Amino acid sequence: MAERRRGTPTPPTDTTVLDRDWTVNEVVGATYERTLFVDVDMADLLNRGSTFRECVFRGVEFNASTHTEAAFLNCTFVRCEFFDATFTDCKLVGSMFDGGSFDVLRVSGGDWSFVGLPGADLRRASFTGLRMNDVDLTGAKCAGAAFTEVDLSDAWVHGADFTGADLRGSDLSGIDITSATLTGARIEPEQAVAIALTLGFRIG
């Protein structure tokens, strides 16, 4: 398993849900703590306002699932699938993604601060109007992805590829942009000035 940010260990779990034992199609306002979900099919799940705290998901399918104002706090996702999944105004603070697929993942609003996405293939994912400060995007494949109006301050981007990515309106402060590939990325004039100042250029 990939190491979590700052070496924080994966929390232990107390309850296990195996295979297709979890047959619900909708969860509203539910709470799950320290639960291990293994090979569970959550495709097409409608999740509204539920909280998953220190849970572990292994081989779980979130394809086409919809999550609104939900929370996944300090959770771990191992080889999970998020094809066409939607997260709206959700909190994933401190959660870690180890492997998995994120094709057509859509995230809007919410707080994904301190989330670990090292090496993730996010080329067809979109993130809009949310906090992702201190997110770990080390080695992530973000070419062509959208990070618009996103707080990416102090993100870890060493070895990440943002070629052609849409970064308009995002806070890129504190990022070592020299350690990432940004060829052809879309930014606004104000961002260009901020980057130039960060690199030591004198404007005017």
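How each quantity is defined
- Residues numbered from 1 in each chain as written.
- Predicted model: local features only at pLDDT ≥ 70, side-chain atom pairs only at ≥ 80, totals over all residues.
- Heavy atoms only, no water.
- Helix = DSSP H or I, 4+ residues; strand = E, 2+ residues; numbered from the N terminus.
- Rg over C-alpha atoms; globule rule 2.2 N^0.38 Å.
- Buried < 20%, exposed > 50% of the residue type's maximum accessible area, 1.4 Å probe, protein only.
- Contact = heavy atoms within 4.5 Å.
- Areas by Shrake-Rupley, 256 points an atom, 1.4 Å probe, with all protein chains shown as cover.
- Lys, Arg positive; Asp, Glu negative; His and termini not counted.
- Charge placed at Lys NZ, Arg CZ, Asp CG, Glu CD.
- Pairing = 2+ DSSP bridges.
- Axes fitted to C-alpha atoms, helices over the stretch in contact; angles between N-to-C directions.
- Patch = residues over 30% accessible without salt bridge, like charges linked within 9 Å, V, L, I, M, F, W, Y side chains within 5 Å.
- Salt bridge = Lys/Arg side-chain N within 4 Å of Asp/Glu carboxyl O.
- Phe/Tyr/Trp six-rings, centres within 6.5 Å; stacked < 30°, edge-to-face > 60°.

Go over the overall build of the protein with me, naming the residues and quoting the values.
Helix and strand counts for the protein stand at one helix and 15 strands. Since a compact globule built from 204 residues should have a radius of gyration of about 17 Å, the 17 Å found for the protein is in line with a globular shape. Here the C-alpha coordinates of the protein stretch approximately 65 × 30 × 25 Å along the principal axes. For the protein, the proportion of its 204 residues judged to be buried stands at 45%. Sequence-distant contacts in the protein: of pairs separated by 6 or more residues, those separated by 24 or more amount to 7%. For the protein, the accessible area works out to roughly 9,600 Å², and carbon and sulfur atoms hold 49% of it. Distance from the positive charge centre (18 side chains) to the negative charge centre (30 side chains) of the protein: 2 Å.

Give me the lowdown on the sheet that holds strand S10 (residues 76-78), citing residues and values where you can.
Here we have five strands laid out as an open sheet, ordered S1-S4-S7-S10-S12, and parallel in their pairing. Of all strands in the sheet, those bounded by a partner on one side alone are strand S1 (15-18) and strand S12 (96-98). Strand after strand, the sheet turns through a mean of 10° between neighbouring axes, direction not considered. The pairing of S1 with strand S4 (residues 35-38) spans four bridges and is classified as parallel. Within the sheet, the bridge partner assigned to Leu-18 lies in S4 and is Val-38.

Outline unusual backbone geometry, listing residues and values.
A positive phi angle is found at Asp-44, which is not glycine, with a value near 65°. Summarising the element assignment, Asp-44 is placed in the loop between S4 and strand S5 (46-48). In this model, Asp-84 sits at a positive phi of 60°, which is unusual for a non-glycine residue. Along the chain, Asp-84 falls in the loop between S10 and strand S11 (86-91). Under the relative-accessibility criterion, Asp-84 is labelled partly exposed at 28%.

For a negative patch on the surface, give the residues involved together with the corresponding values.
On the surface, Asp-19, Asp-21, Asp-39, Glu-61 and Glu-81 cluster together into a patch of negative charge. Relative to the helices and strands, Glu-61 is located in the loop between strand S7 (56-58) and strand S8 (66-68).

Can you break down the packing of aromatic side chains residue by residue, with the values?
Summed over all chains, the structure comprises 26 aromatic pairs. Between Trp-22 and Tyr-32 the ring centres are 5.8 Å apart and the planes differ by 70°, which places this aromatic pair in the edge-to-face class. Placement of the pair is Trp-22 in the loop between S1 and strand S2 (26-28) and Tyr-32 in strand S3 (residues 31-33), with a sequence separation of ten residues. An identical accessibility class is assigned to Trp-22 and Tyr-32; each is buried. Judged by centre distance (4.9 Å) and plane angle (5°), the rings of Phe-57 and Phe-77 are stacked. Linking Phe-57 in strand S7 with Phe-77 in strand S10, this pair joins segments that are 20 residues apart in sequence.

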